[in-house]
Every structure is written in C-alpha cells, then in structure tokens.
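# Chain and residue survey
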Amino acid sequence: MKIGVLLKQVPDTETKIKIRADGKGVEEGEIKWVINPYDEYAVEEALRLKEKAGGEVVIVSAGPARATEAIRQALAMGADRGIRIDTTGIEQDPYTTAVMLAGAAKNESFEIIFAGKQAVDDDCAQVLIGVAEKLGWPHVTPVEKFALSGKTATLQRPVAGGTKEMIEADLPVVVGCEKGLNEPRYASLPGIMKAKSKPVAELKASELLGTERARINVTKYSLPPERRAGKIIPGEPEAAAAELVRLLREEAKVI
Amino acid sequence: MPSPSTIKGGSFLIEPTVSADVFIPEELSFEFKELGATAARFSTREVFSKAEAIETKEPGLMTSLLKAAGEQGLLMLEVPEAYGGLGLGKVASTVIAENITHQTSFSVAFMCHTGIGTLPVLYYGTDEQKKRYLPRLATGEMLAAYALTEANAGTDALAGKAKAVLSADKKHYILNGEKMFITNGGIADLITVFAKVDGEHFTAFLVERSFEGVSCGKEEDKLGLHGTSTVPIILNDAKIPVENVLGEVGRGHKIAFNVLNIGRWKLGAATVGGMKRLIELTAPYANQRYQFGRPISSFQLIRQKIAVSAVLTYLTESLVYRYAGALDGALSKIEKDSPDCAKCAVDAIEELAIEASIAKIFGSEALWQVSDEAVQIFGGYGFIRDYPVEHHYRDCRINRIFEGTNEINRLIITGTLVKRAMSGRIDMMTRLGEILSQLKAGFPEVDPSLSHAVWIDQVDRLKRLAVYLAGVAVQKYTTELERHQATLAVISDIIMDVYALESGLVRALKVRSPVFEAVAVYAIAERAPVLAQKARQALVNIAEGNEQALSPYLKALERIVKFVPANVDALLETVAARVLEREAYD
C-alpha cells in the first residue's frame, strides 16, 4: 500500500516568538524547528498501517530547505522516502500549500493520506481539507481512532457534547490525525543513521502551482497583548465569594 | 567532521594550534544532533519521569531502563557494525553523554555500562570475545561493570590483592578477593575484573555474574547517586574460563589505565550535560523568584552566578568536543580491517591521556562549582530535598573522586608531559630552549590585525608559562620531581586552563558569536592573573628562600605574563542577559 503523509515543520511550541522589525513575519534565527506534533501522529499511524499492510510511507512537505530536516526526522522514525516542495520565493498560504501538496500527491498515486489535523504554528487546519478537495477525495478530521479493513476505513471523531461519531470511508481518503490517535514512536539511533541514506526528492513549487496564487495577504504580525495581572480577593470565603460575584457582574460584566 | 590531521597528545602546549583541527559542537552534523535529541527525549520522558522510584532503588527499575535505552539504540553507539553496533566515534558519543543527563543516577549507570563497562571488550577483546559479548552489550541484553578498586587499593590500583590461580586442568582461573565500590555491580551481567595471576601478574578477566563463585555484597549507603548500584564484588573460588582472560596475562595494568582514559573524557562529557541541566533550573528560578519586588535575576550578584555557570559549561563543552574530534580524527585513520586495528585504537587513546585527564578534572570541578552556585541561587530552597538542585550538589561530588581522583589526574598531566619530553616523544625541550632565548630577545608578537589578537597572545603567554615552569621544576628537582606534588599540580592547573581557554577562544573565533566572544575573553581575563600568581608562588617555593635563585625566575615571569585589563562585569552581563532571556544554556 502506498501511504502518503503531509508534514509541516513548525517552531517548537516552547519557542519565544519574536516579530520581525518589518512586521511581516517572525524572526527565524533562533527558532528550534520540529515536526508539527499533530503530524507525528500522522507519521506514526502511517507506519503502523505499513507494518500491517506492507507497502511504502512517503513524507511530503512544502517548505524551505530547512524543512528537509523535518522530513529526515520522519524518515528516522521509519518512513521510506521524502518529497520536499521547495517554496523558496513563493507566497505560501493554506491554499497554495494545498495545491502544491495535492499536485505532488497526484504524481505518487497514494491510496491513503495521513496529516495532522492542523499545524500548531498558524492553526489554520485548512491544508488537508484543501488537498482532499483538489484530489477529489473525501476527508475525515479530527480522527482519534483509525482502522482499515480491505479498502474501507473506520474512523472515530469526537463531536460536541462528548459523543463520538463513527465514520466509514472507502479509500482513498485524507485522514486528519488528532492527539490520542496513537503514541508516536521516537527515532532510534540506528533509525537516525539509516535515514541519512534514504532519498528525499525535491520538486519546484512553481511547476506545481501553475497560475495559482496565494489567497491570503498578510498585512501585519503582532503578538497578543500581555495578560494583565490577576486580582486576589481577600477576606472570609463567604464575603469573598459575594465580592467575586459582584465584580464579575459589575466590572467584568460577564454574568 | 573530525579534523583530518592526527593530533599529538600535549602538542597544544608547544605547537601553534590550527583552528581547523579544533572540532566544535557547532560543526555537528544534522544526524548527530538528532542522536542527541533522541537521547534527551529518552532521558526526560522515560527516565526523569521516574526519578523518585530510581532514587529509592525500586527493584528492577534501573535494569529495565537500561534495557529500554538499549532498544532505542543508545547503548550501541561505539560498538562496531560487525558486532551489532553503529560504529560511531567519540563525537557522537559526547552528544549522547551530555544529553542523557536529566536523572543523575541513571546517567552514571549509563556511562558506566557504555564506557568502562563495554570498552574493555571492545578495545582489548579477541574476535571471539567480541562476538560473544559485544552484540549483547550493545542491546542491553547484558549490562556491564568494571571492577578495579579494592578496600586497600583505590588510587594505588595495582596494589590490589585479588588473586588468580590456574586450575590443575588449565581450563579455568580460580579467582579470590573482593572488589569495592563497583558501580552497576548489583545489576551487571558482565564485569571486567582485575586480579593478579599467582599474586604477581596483573590481569583483566571478563567475569560473568553467573559464573560459579561470583557474588555481590550489600548496597553501599552513599552521599549521593542513591539510584545507582554500588556494591562489593566477591570472588570466592570463582571459576573463570581461560578464554575469558582479557588481553595478556600480566598486561592488565595497560587495560586498567587506558580504559580509565576513556572513562575520564566520558565523565567530562557528562558534566557538560549536568551543568546545562542546572542552568535550566537556575535561570528560570532566578527569573521567577521575587525579592524586594523584583526578580532576583535583576540583581548583579545573581546574574554573575548564572553567567559564570554558563562560562564553565562553555569551556568544558569546548574542550570535550575538541578531545572527541581529535580522537575521532586519529581513529578514522586506522584501517578497520587491519589485524592490529584495536591496538592502534588503544595507542590513539593513550596518546591523548593528558587531554583525557584535563576533561575529567576540569569538568568535575566546573560542575561542582555550578552546582554550588545553583544551591546558592535557590537560597534556602536549595538546601531542601524537595527542590531540584539539592541532589545535584550531592550527586556530583563523586566526580572529583572516581575514575582517578583529581589529585592523581593532576599528577598524571604534568607527569605524562615531563615523561614524554624526556623520552623525546614530544619536543618540549626545543620549545623550552626557544622560550629561554626569547626571554632575552623578546617574544614574537601576535599579528595585531587578527581579531582578539591580545587574547590570543594571552593564551600563548600561558602556554609559555607552563613550559617555563615545567622546565624550572625539572631542572631544580630532577629525579625528585615526583615528590613535589604541589608544584606538579600548579603546572597541571596552567596546562589545563590553557587547553580550556584556548578551546573556548578558538571556538568563539570560528563561530563569531558576540556572546561566545564575551565568554572566551572573560575566561581568559579572569584566569590569566590567577595562573600568573600561582606560578609566582611556585617559583618562590622552588627557590627555597634563596633570593639569588629567585630573582631570575621572577624576572622571567614578568616577561612571560602580561596583565591585560578587561571589564569583566560588562562581559559577564552580556552572557547573563543571553542565558536569562532563553532560560537555558543553549
């Protein structure tokens, strides 16, 4: 079975983000880059499927040269090869990213594609849906349980109120992976050394995009305002509770 | 990757250093950094999360963690591919050593297994012995220990009483004796044991714990490292098959001391991780702890403690990677298939004995100072067991004792240098002659157009100081030199700091980072006057109150050293600002 994984390299969640002086982006110099954590669930699920069904796991990522490192990290976990779409000089938004990834996926004729339900940097959660749309496939997201029997996938997704939705989908399908789907393995030392010699092909963004252009125009980045200090209400519990209710009603105006 | 040329041990003192020959961590490949990331992840998620259970020696836990490390491939790094390992060198091993340090007891057990536990077979085993043991050591199926010390033979290891006698059928050696303070002793399956054949010929044996007559005594109650197993190994008519003799009968001392060389560098590498972990605790704490309505990280005395901790980490890191790069450079030239490949590897390790001792002393003392400052930064909380720095302070104390005390290692540094100078293996005498004539004619100047020329010059001066002082000591004490341990130790201190300061400066100049440059310059500015004063006192002692003898010594000293003023407060502030902003060393 030919399994595709969509992967994005994102700043480590502990990175202290600094906005560039021109306000058009973030300073990348000191960022530690990692595989988008939700994409790790996707890699893991793909590897588990391969272990059961055989075949090949191919990692596809659209990004600058550094994104190759994230691909290599996935190869070290056990994926077989990688494709990087070089986005140098391209205006990248969820739309163009989806167009490029779908273009690469089409050439590979995957039978199933796993992706993280969203990337933790911009949290758009748009790309996997866009890829499914461009391929003319269904998608299911966020998925917290996955099973495959023959050519039919059974997927569980949470819905509001704590209930679960069970969905059956015939392949091909794009699966958006949620936390809890699995426990991603980490690369072993031999895995890391083997990954060095696994192939990573490079595609040109311009060839995949054709005349398509970004739909989002970033005007400015800014950091969220710093949280204001909290207020401690002193006194006996009863009086303090009464005061808290008063403040919530009169000052915060939330009740 | 590691430097192309083979570096002679101790040559940094007498020959100009080629920057390209100094491997720095910034030159690590992507894969090697990934090895480190895997080690760090394993160390935090699998090990540190179980710190409490490890420290109370939950039965079986340390063993299962080491085996889990084996499954991740963490134990196979240095084992050759032919024996089921990855065949990687010392640079890769340094990356692992410093990243596996989140739980100190585990870190020590890990280092013991992969270092002094596994390496004796790796470097001295026959092909048959390697086939029998290395694959199992590489996966963690077998755990390893190293048993040299005895109750009355610590530093004086060759004074051990453990005895081996060949059995009548010549199939076994019968071992009797008791080895003390054996790290991993209670969990090891394979122990390299040293005993004297017929009470005379010091020999290494590969002893399986399951062999008849081998047992271990009760766990020691220690100051620190409560999670590691430290026991006596008791040999009571232990039957060791003759094919388990490691190396040659009567040549065990070579194995014992050379394995310690490796152990010493590994210990230095692990202290780098220890210091980084402490900074990861102290920097955020200093930012969060408020006194007088401000975070204590806003006070200069606290900022300087954080900065000095980072400086010590940087210097140790610089020198252990330099050592590892140099050793990998030498090892990479050895034909892997040649029959004496292991012997060449052993020679390469022995060649860098001075540098290994430096890594051990410098790292252990740096970590000691950093852990002490960590307690101080935490204040009263630093003294309380529920807070995370108290155990570091206890746990790191042993580093100055095991793998050769820092005292014996200080004697080794100068002793090895002098021995090699005398035998002509290292051309120190020519260099000494040059320095003596330059004392009159003047020293060559460092090209002033070079960046940081004045600090390059300071390091050159300290090198001359070490060679000069060693020369004076040899001339004065001749065959009695060994007895004058205090003088030898002063010379060692200068040699050691030269290696550390130069490694730090070369790295800063290669990377061109303002923070690295501040660190390197601060370190030189701070250490140079201290070393000059130590040397002055040593010369006074050597003169033994004879003013006529002292006067030329002091004149020479005044020419060799030169005070260069630097605003160290400003330099430390550059470092502190950086570390406190990132709340981490890296």
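Just so we're clear, the structure is a prediction, and the values are computed from it rather than from any experiment. (Residues numbered from 1 in each chain as written. Chains lettered and ligands numbered in written order. Predicted model: local features only at pLDDT ≥ 70, side-chain atom pairs only at ≥ 80, totals over all residues. Heavy atoms only, no water.)

Counting its secondary structure elements, chain A contains 7 helices and 12 strands. Along the first, second and third principal axes, the C-alpha atoms of chain A reach 65 × 45 × 40 Å. Every one of the 255 residues in chain A was classed for burial, and the buried ones make up 44%. Within chain A, counting contacts between residues at least 6 apart in sequence, those at least 24 apart form 70% of the total. Of the roughly 14000 Å² of accessible surface on chain A, 51% is carried by carbon and sulfur atoms. Within chain A, one finds 36 positive and 38 negative side-chain charges whose respective centroids are separated by 2 Å. (Helix = DSSP H or I, 4+ residues; strand = E, 2+ residues; numbered from the N terminus. Buried < 20%, exposed > 50% of the residue type's maximum accessible area, 1.4 Å probe, protein only. Contact = heavy atoms within 4.5 Å. Areas by Shrake-Rupley, 256 points an atom, 1.4 Å probe, with all protein chains shown as cover. Lys, Arg positive; Asp, Glu negative; His and termini not counted. Charge placed at Lys NZ, Arg CZ, Asp CG, Glu CD.)

A separate point is unusual backbone geometry. With omega at -10°, the peptide bond leading from Thr141 of chain A into Pro142 of chain A counts as cis. The residue Leu225 of chain B is not glycine, and still its phi comes out positive at about 50°. Structurally, the position occupied by Leu225 of chain B is in the loop between strand E6 (214-216) and strand E7 (230-241). Even without glycine at this site, Phe292 of chain B takes up a positive phi of about 55°. Locating Phe292 of chain B in the fold gives a position in the loop between strand E9 (290-291) and strand E10 (294-295). Judged by its relative accessible area of 78%, Phe292 of chain B falls in the exposed class.

By the secondary structure assignment, Phe30 of chain B is in helix H1 (residues 30-47). Taking C-alpha positions, Phe30 of chain B is 37 Å from Ile426 of chain B, a pair spaced 396 residues apart along the chain. The contacts of Phe30 of chain B, once residues within four sequence positions are left out, are Glu69, Arg72 and Gln73 of chain A.

All right, on to the sheet that holds strand E6 (residues 112-116) of chain A then. Pairing between sheet strands relies on hydrogen bonds along the backbone, with the strands arranged either parallel or antiparallel. Residue and element names in this part refer to chain A. With respect to topology, 7 strands assemble into an open sheet ordered E7-E11-E6-E1-E4-E5-E12, the strand pairing being parallel. Where the open sheet ends on each side, the last strands, each with one partner, are strand E7 (139-143) and strand E12 (200-204). Between one strand axis and the next, the sheet turns through 20° on average, direction left out of account. Across 5 bridges, the pairing between strand E1 (residues 2-6) and strand E4 (residues 56-63) is parallel. Residue pairing for E4: Gly4 is matched across the bridge by Val58. Strands E1, E4, strand E5 (81-86), E6 and E12 of the sheet are contacted by helix H3 (residues 94-108), whose axis makes an angle of about 150° with E4. (Pairing = 2+ DSSP bridges. Axes fitted to C-alpha atoms, helices over the stretch in contact; angles between N-to-C directions.)

Let's shift gears to the sheet that holds strand E9 (residues 152-158) of chain A. Residue and element names in this part refer to chain A. Strand order in the open sheet formed by 3 strands is E8-E9-E10, and the pairing between neighbours is antiparallel. Looking at the sheet topology across the chains shown, the edges are occupied by strand E8 (145-149) and strand E10 (164-170). Across the sheet, the mean angle from the axis of one strand to that of its neighbour is 20°, orientation sign disregarded. In this sheet, E9 lies alongside E8 in antiparallel orientation, the contact comprising 5 bridges. Bridge assignment links Ala147 to a residue of E9, and that residue is Thr154.

A cluster of nonpolar side chains, Tyr381, Phe383, Ile384 and Tyr387 of chain B, forms an exposed patch at the surface whose accessible area comes to about 420 Å². Along the chain, Phe383 of chain B turns up in the loop between helix H11 (353-378) and helix H12 (390-395). (Patch = residues over 30% accessible without salt bridge, like charges linked within 9 Å, V, L, I, M, F, W, Y side chains within 5 Å. Salt bridge = Lys/Arg side-chain N within 4 Å of Asp/Glu carboxyl O.)

Where interface size is given, it is often the accessible area lost as the parts come together that is meant. Splitting chain A by domain gives domain 1 (2-209) and domain 2 (230-255). The C-alpha centroid of domain 2 of chain A is placed 46 Å from the C-alpha centroid of domain 1 of chain A. (Domains from an automatic or database assignment.)

With 14 residues of chain A at the contact, the number on the chain B side is 23 residues. The junction of chain A with chain B conceals about 1700 Å² of combined surface from both sides, 59% of it contributed by carbon and sulfur atoms. Contact with chain B buries surface across chain A, with Tyr186, Leu189 and Met193 of chain A losing the most and accounting together for 43% of the total. In this assembly, chain A and chain B are joined by 3 salt bridges. Between Glu30 of chain A and Arg582 of chain B there is a salt bridge, with its nearest N and O atoms 2.6 Å apart. Where chain A meets chain B, there are 8 residue pairs in polar contact (both at pLDDT 80 or more). (Buried area = accessible area lost by both parts, 1.4 Å probe. Polar contact = N/O pair within 3.5 Å; in protein donor to acceptor, adjacent residues only side chain to side chain.)

In this structure the tally under the stated criterion is 15 aromatic pairs over all chains. The interplanar angle of 15° and the centroid separation of 5.7 Å between the aromatic rings of Phe194 of chain B and Phe202 of chain B together place this pair among those described as stacked. On the numbers, 5.8 Å between centres and 25° between planes, the contact of Trp265 of chain B with Tyr323 of chain B is stacked. Of this pair, Trp265 of chain B sits in helix H8 (residues 252-288) while Tyr323 of chain B is found in helix H9 (residues 300-332), placing the two residues 58 residues apart along the sequence. Here the aromatic cluster, defined as three or more aromatic residues joined through ring pairs, consists of Phe42, Phe106 and Phe110 of chain B. Taking NZ or CZ as reference, Arg215 of chain A lies 3.8 Å from the ring centre of Tyr95 of chain A, over its face. (Phe/Tyr/Trp six-rings, centres within 6.5 Å; stacked < 30°, edge-to-face > 60°. Lys NZ or Arg CZ within 6 Å of the ring centre and 35° of its normal.)

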